[in-house]
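Next come the chains, spelled out residue by residue.
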Amino acid sequence: MSVTHPFKGVPARPRPDFECEPLDASGIGDVERRLSPIERILNNDAVRRAGVLIALLVVWELYARWADNPLLFPTFTTTLETFVHDLLDGTLLDRTRTSLYPLALGYVGGIVLAAILTSLAVSSRIGADILTTLTAMFNPLPAIAVLPLALIWFGLGIPSLVFVIIHSVLWAVSLSTLTGFRSVPETLRLSGRNYGLKGIRYVALILIPAAFPTILAGLKIGWAFAWRTLVAAELVFGVSSRSGGLGWYIFEARAQLETPKVFAGLFTVILIGLLVESVIFRAIAAKTIQKWGMQR
Amino acid sequence: MTRIEARPLVDVRDVTLQYKTPEHLVTATYKVSCQVEAGDRYVILGPSGCGKSTLLKAIGGFIKPVGGSIVVNGREVREPGPDRMMVFQEFEQLMPWKTVLQNVMFPMLAAGKYLRSEARDRALSAIEKVGLAKFKGVYPHMLSGGMKMRVAIARAMALEPDVLLMDEPFAALDALTRRKMQEELLALWDSLRFTVLFVTHSIEEAIVVGSRILILSPHPGRVRAELEAGALSYADVDTPEFGALSKRIHSLLFEEHAAPSALTPEPKLQLAATPR
Ligand SMILES: Nc1ncnc2c1ncn2[C@@H]1O[C@H](COP(=O)(O)OP(=O)(O)OP(=O)(O)O)[C@@H](O)[C@H]1O
Ligand SMILES: [Mg+2]
């Protein structure tokens, strides 16, 4: 048998056929093994992230002690003391509650408006044109830049805050929802229409669940925008209004040069942001898109 | 449903279908006519890209013909509806947010044709028939491509539409499952006598599954022939009749016969179709 190698005309080395029994696999040990406690702890995201957080806090504490300038950079321990003190005497809770009220109103309002606009946008071409143009115009406009206008229209108080929060939520959520709707696979759309679904039923039963990963991402971004806008707006308000939320708390502390309080205020803002992100949004994701295999 | 009707159940007359993209106008089918009678297993066979899926989508009501008319059950097709259930060629036709059982039940509930308990029973028996009873509570992302296809088939059958439109439903299945599904489809047809339009580009599958075979020319799809194949099944694969028919279809598909627009013949018509 003279087989010629396809390359260079070299004759191929003859290789004999063979058969054999598969190796004895019982020597591998357990096919399934529980991970060791250390491996399991290291596999837990929360634990690893807490590790990062603790390292940061240690760096903060060390730097603040070394800098030794409580007016500019208080230590973590002083900040924590101030935080706990203000939490226990109710100031912080009170301020947070004052902040959360317009926040919730604005956030929900923004989402409802976004839902209406995007539903119109998917059901008619003119609706789509309107939404795309509006989003292109207003999305880059910082919410805080419309605050002066809001103050002229609604005066000092909650309506102005709600207005700017809606502005910050509406465009971000609309944009991601529309993007989500547009990237729903054609076949899924067709099969939805095959069942005779039309209009609002089609949007609610096919488009929204199919686009849910993008919609949820939009809701998260909207939440972050809303929270930012609120604190910023309150800082501006602080100059002229007496009862305020967390932004006002920070502003007041700065005016009195109580830097630990400024830090405690910022700390609260971060804490609430983290809480919403890691508890509420995480739970929604686990119950929906992760269970459906639309996101890992 | 065995009632023989005077007029065909699906009446396609001189249908021309086009896609308009920003740069191109693609003619998918040109003046295609065919009549499907109640109880037919009507196979549409043709090389890849000749417009089979497009024709099926037009009958489903998803694409408007630029010329000609499509009448199903005496009514002109204007929009999609649950009386024409479609099994698509692509996998992503299942709703990822619903379990297998919910996916099969959904059209029955959405169409308002059945009560919830009734829909559930029908769905369960349809899932049983495609061999997925064990997976009824599972979400689609945990299924293989072939299993997803079987769910889509169960979903379409459970609704008992006037016409079942199937676009290469078995192309993605492995040879064994494909054969099992073909036999299952034939057995179901034997007991229910539904009407099915079935697209394939496997000659063998066309002869085994079909009772009538419509052969389309290469792109743009035009009618090339319509043949009778009701008498042949898997048992006859080795018979001369089967071989003769298959050879005839083969030459109809590939002969360069007055087809100036067919630039090159399709590379090779595979017996086992590969999904895109
Ligand atoms: N969405 C679309 N936009 C533009 N052209 C399209 C579109 N879908 C299909 N076509 C074109 O229409 C023609 C027919 O396509 P179709 O999908 O109906 O072919 P087919 O016969 O189903 O092929 P296959 O056997 O590969 O599935 C092809 O030339 C294709 O390029
Ligand atoms: Mg196709």
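Residues numbered from 1 in each chain as written. Chains lettered and ligands numbered in written order. Predicted model: local features only at pLDDT ≥ 70, side-chain atom pairs only at ≥ 80, totals over all residues. Heavy atoms only, no water.

Asks: Which residues make up the overall build of chain A, and what values go with them?
Replies: What chain A contains, in helices and strands, is 12 helices and 0 strands. For 296 residues, the compact-globule estimate of 2.2 N^0.38 gives 19 Å, and the C-alpha radius of gyration of chain A, at 29 Å, exceeds that figure by more than 25%. In terms of principal-axis extent, the alpha carbons of chain A reach across some 100 × 60 × 40 Å. Burial analysis of chain A (296 residues in total) assigns 36% to the buried set. Taking as baseline every contact in chain A between residues at least 6 positions apart, the subset at least 24 positions apart corresponds to 65%. Of the roughly 18400 Å² that chain A leaves accessible, carbon and sulfur atoms contribute 68%. Looking at chain A, you have 26 positive and 20 negative side-chain charges, and the mean spots of the two groups are 10 Å apart. (Helix = DSSP H or I, 4+ residues; strand = E, 2+ residues; numbered from the N terminus. Rg over C-alpha atoms; globule rule 2.2 N^0.38 Å. Buried < 20%, exposed > 50% of the residue type's maximum accessible area, 1.4 Å probe, protein only. Contact = heavy atoms within 4.5 Å. Areas by Shrake-Rupley, 256 points an atom, 1.4 Å probe, with all protein chains shown as cover. Lys, Arg positive; Asp, Glu negative; His and termini not counted. Charge placed at Lys NZ, Arg CZ, Asp CG, Glu CD.)

Asks: Give me the coordination of the magnesium ion (ligand 2): which residues, what numbers.
Replies: Residues and elements named next belong to chain B. Coordination of the magnesium ion (ligand 2) by the protein is provided by S53 (OG) and Q89 (OE1), with metal-donor distances spanning 1.9 to 2.4 Å. A residue pair is termed long-range when its members are at least 10 positions apart, and S53 in helix α1 (residues 52–60) and Q89 in the loop between β6 (84–87) and α2 (100–110) qualify at 36 residues. By relative accessible area, which is 19% here, Q89 ends up buried. (Donors = N, O, S within 2.8 Å, 3.2 Å for Na, K, Ca; no water.)

Asks: Would you mind going over the domain arrangement of chain B in detail, with residue names and values included?
Replies: For an interface, size is often stated in terms of accessible area lost upon the parts coming together. All names here are of chain B. Entries for chain B in the domain assignment read domain 1 (1–83 + 163–276) and domain 2 (90–160). Listed as interface residues are 17 residues of domain 1 and, on the opposing side, 13 residues of domain 2. For the pairing of domain 1 and domain 2, the buried interface totals around 1200 Å² over both sides, and the portion due to carbon and sulfur atoms is 78%. There are 0 salt bridges connecting domain 1 and domain 2. Between domain 1 and domain 2 we count 0 residue pairs in polar contact (both at pLDDT 80 or more) in total. Elements with a contribution of two residues or more to the side of domain 1 that touches domain 2: β7 (163–167) and α5 (175–192). Among the elements that make up the side of domain 1 that touches domain 2, the one with the highest residue count is α5 (6 residues). Its residues assigned to classes, the side of domain 1 that touches domain 2 shows 13 nonpolar, 1 polar and 3 charged. (Domains from an automatic or database assignment. Buried area = accessible area lost by both parts, 1.4 Å probe. Salt bridge = Lys/Arg side-chain N within 4 Å of Asp/Glu carboxyl O. Polar contact = N/O pair within 3.5 Å; in protein donor to acceptor, adjacent residues only side chain to side chain. Nonpolar A, V, L, I, M, F, W, Y, C, P; charged D, E, K, R; others polar.)

Asks: Report on the sheet that holds strand β10 (residues 223–228) of chain B, specifying residues and quantitative values.
Replies: Residue and element names in this part refer to chain B. In spatial order, the strands read β6-β7-β8-β3-β9-β10; together these 6 strands make up an open sheet with mixed pairing. Two strands close off the open sheet at either side, each with one partner strand: β6 and β10. The mean inter-strand angle of the sheet, taken between neighbouring strand axes irrespective of direction, is 15°. (Pairing = 2+ DSSP bridges. Axes fitted to C-alpha atoms, helices over the stretch in contact; angles between N-to-C directions.)

Asks: Lay out the interface of chain B and chain A with the relevant residues and their values.
Replies: Each partner contributes residues to the interface: chain B has 25 residues there, and chain A has 20 residues. Counting the surface lost from both chain B and chain A, the interface buries some 2000 Å², and carbon and sulfur atoms represent 65% of this. At the boundary of chain B and chain A, one finds 1 salt bridge. Taking the shortest distance from any N to any O, the salt bridge between E79 of chain B and K198 of chain A comes out at 3.3 Å.

Asks: Help me get a handle on the environment of E92 of chain B, residues and values and all.
Replies: Tracing the sequence through the fold places E92 of chain B in the loop between β6 and α2. According to the relative accessible area criterion, E92 of chain B is partly exposed, its value standing at 38%. Note: C-alpha distance between E92 of chain B and H141 of chain B (49 residues apart in sequence) is 9.9 Å. Excluding anything up to four places from it in sequence, E92 of chain B contacts P185, T187 and L188 of chain A.

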